[in-house]
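# Geometric and topological summary
Here's the letter readout for the chains.
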Amino acid sequence: MCRSRIDRLRLLFSELRADALIISHLPNIQYLCGFSGSAGILVVEPWRSILFTDSRYTFQARDEVSGAQIRIAKRGLLRAVGEELRELSRRRTRFSVAYSPDHLTVAQKGALQVAAGNRLRWVPDKNAVEKLRAVKDRDELERMREAARVISDVFRGILGGVRPGIRELSLAAKIEYDIKRRGGSGPSFETIVASGPRSAWAHARPTAKVLRKSELVVLDQGAILRGYCSDMTRTVFLGRASVRVRDMYKAVLEAQQVAKAAIRPGARAGDVDQAARDALRRHRLAKYFTHSVGHGLGLEVHEMPRLGRGETTILREGMVLTVEPGVYIERLGGIRIEDDVVVEANGCADLTTAPRDFLEL
C-alpha cells in the first residue's frame, strides 16, 4: 500500500521538475510509508526512499515502515538529510529538491542547505502529497466509516447527560472518555461544548459555564480511529424552543441538505459552499453564516479540499468532506449541523449517522 503511494508521488517528479522530494510534515510521512512517530523526515528519490528518524524510534520504525529504508540519524535529522542530499547532488551541476514551504521552516531549510552544500535548487512541491491524500483508497474509507460510526454512537450515548446543571467542561470530558471507551485513540480536536450566548462562538472552547434551561447547546466532536478522523456537530435545545429558534434550525438543516445535493464528482468546491449560502439567503440568514461550508477530512481533521467561497477544486470520487453550515447570532446563540460524507459516483453518502432532527431535551 505505502509503496504504491510513493510510486504515485514519483510520477509527479517531472511536473515538479524535481530530482528528489523532502517530506517533513508528519501526517504526509505516515500516509506515504506508515511511520507514526513524532520525529522524521522522508526523502523520496527516483529509485529509493529513506526515512530519517532518531534512536527513540528504532523499533517502532522497523515495525511500521514499508516502502522506505530506515536510517537512524545520530547527529540530528537535518544534518543527516542534508548529507544525503549532498551525496545525491555530487555528480550534478544543479540538483532540484521539492519541499513544502508550509511545513519546512526557513531555519530548517537553512540548516539543510548548510549540510547539503550549494548545489541544491529548491522548488515548491505544489501540495503534491496533500493532493494524493485528498482521494481516499478502500482501506482509508473503511477506517473513516468506523471513525464516523464511533462518534455517532458517542453522541447518541451522551444525549441523556445533556441537561441543565452540567458544566460544559464536564460534558466535553464525558464525550472524550466515551471516544476511548468505544475504541478511539482520542478526539480529533478539542471537543466543543458551547451553550447559551457562547453557542454563537463558532469555535468556542468548553468552559466551567453551567448549561441552563432555555439555551442552545452546540456539540462539535470527532474521534480518531486507526489514525483517521471524524468530525460531527449537533445542536440541541434545553427546554421548549421558540418559533424563531425552530425556524433557524430548519433553515440550517435545509442548507446542509442542499449542499450535500450539490456534491458529486466534477462539481466545484465553491459551488457546494454557494448552495448552502443561497439556501440561508432565502431565509434571510446568510449574513450569520461566518465560515466555509466544509473541508476535507482524513489523517488530519482539516485537509484538502476546502469547501469555501470561490474555491475551484474539482471534487473527485473518494474524497471525504465535512458539510457544516451554521448561523450565529449574538446573544441568541448559534446552530451548526455537521456531517462527514464521501463523494460517490452519483453524489455523496453520509458517514456520520447521528440524528439530525431538532432535539429539545
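The preceding data block contains the structure.
Heads up: these notes are all about the structure in this document. (Residues numbered from 1 in each chain as written. Predicted model: local features only at pLDDT ≥ 70, side-chain atom pairs only at ≥ 80, totals over all residues. Heavy atoms only, no water.)

### Points about the sheet that holds strand 7 (residues 186-187)
The antiparallel open sheet is built from three strands, whose spatial order is 7-10-11. Of all strands in the sheet, those bounded by a partner on one side alone are strand 7 and strand 11 (228-229). The pairing of strand 7 with strand 10 (residues 223-225) spans two bridges and is classified as antiparallel. Within strand 10, the position partnered with G186 by the bridge is I224. (Pairing = 2+ DSSP bridges. Helix = DSSP H or I, 4+ residues; strand = E, 2+ residues; numbered from the N terminus.)

### So, the nonpolar core
Membership of the largest hydrophobic core comes to 57 residues, with the highest contact counts inside it found for L9, I23 and L42. Counting residues per element, this core draws most heavily on helix 5 (residues 77-88), at five residues. Excluding its chain neighbours within four sequence positions, the residues that come into contact with L9 are L21, I23, L32, V44, A128, V129 and L132. Membership of the second largest hydrophobic core comes to 37 residues, among which are F237, A241, A276 and I335. (Core = buried A, V, L, I, M, F, W, Y, C linked by side-chain atoms within 4.5 Å. Buried < 20%, exposed > 50% of the residue type's maximum accessible area, 1.4 Å probe, protein only. Contact = heavy atoms within 4.5 Å.)

### Some words on the pattern of salt bridges
Between side chains of opposite charge, pairing is possible as soon as their charged atoms come close. A complete count under the given rule lists 36 salt bridges for this structure. Residue R90 is joined to E87 by a salt bridge in which the shortest nitrogen-to-oxygen separation is 3.2 Å. The partly exposed category is assigned to E87, whose relative accessible area is 43%. We note a salt bridge from R156 to D153, for which the minimum N-O separation is 3.0 Å. With R156 and D153 both in helix 8 (residues 138-158) and three residues apart, the pair spans about one turn of that helix. Residue classification places D153 among the partly exposed positions, given a relative accessible area of 24%. Overlapping salt bridges, with partners in common, bring together R234, K260, D339, D350 and R356 in one network. (Salt bridge = Lys/Arg side-chain N within 4 Å of Asp/Glu carboxyl O.)

### Focus: the sheet that holds strand 6 (residues 120-124)
Strands sit in the order 4-3-2-1-5-6 across an open sheet of six strands; the sheet is mixed. Taken across any chain shown, the strands that pair with only one partner, and hence form the sheet edges, are strand 4 (69-72) and strand 6. Here the strands of the sheet are splayed against their neighbours by 25° on average, with no regard to which way each runs. As paired elements, strand 1 (residues 20-23) and strand 5 (residues 95-99) share two bridges and run parallel to each other. Residue pairing across strands places A20 opposite V97, the latter belonging to strand 5. Relative to the sheet, helix 3 (residues 26-33) contacts strand 1, strand 2 (41-44) and strand 3 (49-53), its axis offset from that of strand 2 by approximately 55°. Contacting strand 1, strand 2, strand 3, strand 4, strand 5 and strand 6, helix 5 runs over the sheet at an angle of about 155° to strand 3. (Axes fitted to C-alpha atoms, helices over the stretch in contact; angles between N-to-C directions.)

### Focus: helix 5
An ideal rise of 1.5 Å per residue puts 16 Å on twelve residues; helix 5 measures up with 17 Å between its terminal C-alpha atoms. Within helix 5, the full set of buried residues consists of L77, A80, V81, G82, E84, L85 and L88. (Expected span 1.5 Å × (residues − 1).)

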